[in-house]
Amino acid sequence: MNRALTTALFTVGLAQLAKVPLAYQQTGRLDWSNLLRTGGMPSSHSAGVASLASYVALKRGVTSIHFATASMLGLIVMFDAMGIRRQAGIIATEVNDLGDTVALLADKDPTLSHERREKQLEERLGHVPQEVLGGALIGIFIGAGSYILEKRTRKRRFFLPWFS
């Protein structure tokens, strides 16, 4: 199996899992839907690409084309999470608020009609810089840890091949 890919996927899953207790700490509610939501602390996308880049840096070196590719992918993902996706979330909040305002106005004036949306737009789409940084730090540590664990496992296989 591709160790770099499994490291990145594991990190994404772990970061998503971490959102549940972190959200509980903030809200006092245990909400398991955070496992599948975008946005919030930490950024699982940032964690995944940072773990990939840190693993590749240790495995292939920071001068390799592999590290350059992983780093550029990471920068684009993190920039997108704080930029376009965050702005889309802000716009969704404004649209949801606008719908509530129009509904209030329609309730006050019988000549106006307004059909309420059944479902609000998702507002948690992007990340603030702290969430991206949190994800990146988790990713760097897990990527480095995966590389160190791989090296230790290889040494053990060399000396004790019957345990591999």
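What counts and how
Every chain begins its residue count from 1, and numbering advances along the sequence as written. Per-residue local features of the predicted model are confined to residues with pLDDT of at least 70, and side-chain atom pairs are confined, for both listing and counting, to 80 or more; whole-chain, interface and lining totals are unaffected and use all residues. Think of the side-chain values as coming from all heavy atoms in the structure, minus any hydrogens and water. Strands are runs of DSSP state E lasting at least two residues, helices are runs of H or I lasting at least four, and both sets are numbered from the N terminus onward. Note on classification: 1.4 Å probe, protein chains only; a residue is buried when its accessible area is under 20% of the maximum for its type, exposed when over 50%, partly exposed between these limits. Residues are treated as being in contact if the distance between any of their heavy atoms lies within 4.5 Å. For every accessible area listed, the method is Shrake-Rupley and the probe measures 1.4 Å; residues are considered covered only by the protein chains on display. Two rings belonging to Phe, Tyr or Trp (six-membered ring only in the last case) form a pair when the distance between their centres is within 6.5 Å. Interplanar angles under 30 degrees mark stacking, angles over 60 mark edge-to-face geometry, and anything in between is tilted. Contacts described as polar in this section are N or O atom pairs within 3.5 Å, which, within protein, must combine one atom able to donate a hydrogen with one able to accept it, while residues neighboring in sequence count only if both atoms come from side chains. Take a side-chain nitrogen of Lys or Arg and a carboxyl oxygen of Asp or Glu: if they are within 4 Å of each other, that pair is a salt bridge.

Asks: Report on the overall build of the protein, specifying residues and quantitative values.
Replies: Broken down by element type, the protein carries 5 helices and 0 strands. Its helices and strands taken in sequence order, the protein reads α-α-α-α-α from the N to the C terminus. Among the 164 residues that make up the protein, the fraction classed as buried is 32%. For the protein, the share of sequence-separated contacts (at least 6 apart) that also reach a separation of at least 24 residues comes to 72%. Split by element, the accessible area of the protein, about 11,200 Å² in all, is 66% carbon and sulfur.

Asks: An account of the packing of aromatic side chains is requested, with residue identities and associated values reported.
Replies: Aromatic rings considered in pairs are described by the distance between their centres and by the relative angle of their planes. Applying the stated criterion across every chain, the model contains 1 aromatic pair. Note on Tyr55 and Tyr147: the rings are 6.3 Å apart at their centroids and 70° apart in plane angle, and the pair reads as edge-to-face. Of this pair, Tyr55 sits in helix H2 (residues 44-60) while Tyr147 sits in helix H5 (residues 129-159), and the two are 92 residues apart along the sequence. Each member of the pair, Tyr55 as well as Tyr147, carries the same accessibility label: buried.

Asks: Lay out the environment of Gly145 with the relevant residues and their values.
Replies: Within the fold, Gly145 resides in helix H5. On the basis of relative accessible area, Gly145 is assigned to the partly exposed category, the value being 31%.

Asks: Please provide a residue-by-residue account of the environment of Thr27, values included.
Replies: Take Thr27: it is sitting in helix H1 (residues 3-27). At 3.1 Å, the side chain of Thr27 and the backbone nitrogen of Arg29 are in polar contact.

Asks: An account of the pattern of salt bridges is needed here, citing residue identities and associated values.
Replies: Per the stated rule, a full pass over the model turns up 1 salt bridge. Lys59 serves as the salt-bridge partner of Glu150, at 3.4 Å between the closest nitrogen and oxygen. Of this pair, Glu150 sits in helix H5 while Lys59 is found in helix H2, placing the two residues 91 residues apart along the sequence.

Read these as spatial facts, not as claims about activity.
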